[in-house]
Amino acid sequence: MAQNYRHTLFSEPVKALQERHGSRAAYLKLDAGADGTPDALTAKELDYIALRDSFYMASVTADGWPYMQHRGGPAGFLRPIDGNRIGFADYRGNRQYISTANLAGNDRVSLFLMDYPNKDRLKLVGHAHSIELADDPALVTSLMPAGYRATPERAFLIDVIGWEWNCSQHITPRFTEAEIAAAIKPMAAELTQLRAELAALRAPSSGE
């Protein structure tokens, strides 16, 4: 059971509000025994991560502002490295370097991973750091998706300390072009066959 996510984020003010609104007792029972030990990523979380083609990563600026950035790539570009460590290659973009600079001052990050078709979402918190391509080209290159046309600048490595699955309420299912194409492929094949049969019926017979 994932306990350290709640152990980490349930500050005293959070607990006070839970007590006020009647949810503290239930959470206290769920979190019994939590001692700060990181939540181990299981096969379920790792398999889910391997199927994602995007996620959102939050970090904190030097002035204390939360900053959220979208990361995308081929499915599986965010991948397990060892134990509770995951990582991804950071591609050349608009060269603002906000996340990279944030992590140099505060290594805390939060990741939000969505599966819209199945209405699933996974939240991760951890400590992250970046490694420049020039400092470890083998590592950065190893995190590049095969055949993906992007230029890597660095790698982000994240040591996950907690995770939690969220409820599916209020998630609107959304589908990618590839998912829609796969869903309608049988219907498209049937339509092609029906059109061919109709054309054959309309064609003049050889006896006419």
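A brief structural summary. (Residues numbered from 1 in each chain as written. Predicted model: local features only at pLDDT ≥ 70, side-chain atom pairs only at ≥ 80, totals over all residues. Heavy atoms only, no water.)

### Description of the environment of Arg149
With respect to the helices and strands, Arg149 occurs in the loop between helix H6 (137-142) and strand E7 (152-165). Relative accessible area serves as the criterion here: at 84%, Arg149 is assigned to the exposed category. The spacing of Arg149 and Ala196 is 47 residues in sequence and 39 Å in space, taken between C-alpha atoms. (Helix = DSSP H or I, 4+ residues; strand = E, 2+ residues; numbered from the N terminus. Buried < 20%, exposed > 50% of the residue type's maximum accessible area, 1.4 Å probe, protein only.)

### Let's talk about the packing of aromatic side chains
Counted by the stated rule, this structure contains 7 aromatic pairs. Considering the side-chain rings of Phe10 and Tyr27, the 5.1 Å spacing of their centres and the 75 degrees angle between planes classify their relative orientation as edge-to-face. Of the two residues, Phe10 sits in the loop between helix H1 (4-9) and helix H2 (12-21) while Tyr27 sits in helix H3 (residues 24-30), which places them 17 residues apart along the sequence. A relative accessible area of 31% places Tyr27 in the partly exposed class. Three or more aromatic residues joined by ring pairs make a cluster, and in this case those are Phe55, Phe77, Phe88 and Phe156. Over the face of the ring belonging to Tyr48 we find Arg52, whose NZ or CZ atom lies 4.2 Å from the ring centre. (Phe/Tyr/Trp six-rings, centres within 6.5 Å; stacked < 30°, edge-to-face > 60°. Lys NZ or Arg CZ within 6 Å of the ring centre and 35° of its normal.)

### Considering the environment of Glu132
Within the secondary structure layout, Glu132 lies in strand E6 (residues 120-132). Under the relative-accessibility criterion, Glu132 is labelled partly exposed at 31%. Considered as a pair, Glu132 and Tyr48 are 84 residues apart in the sequence and their alpha carbons are 27 Å apart. A polar side-chain atom of Glu132 sits 2.9 Å from a polar atom in the side chain of Arg154. (Polar contact = N/O pair within 3.5 Å; in protein donor to acceptor, adjacent residues only side chain to side chain.)

### A look at the pairing of strand E3 (residues 79-82)
Note: E3 against strand E4 (residues 85-91), 3 bridges, orientation antiparallel. Bridge assignment links Asp82 to a residue of E4, and that residue is Arg85. (Pairing = 2+ DSSP bridges.)

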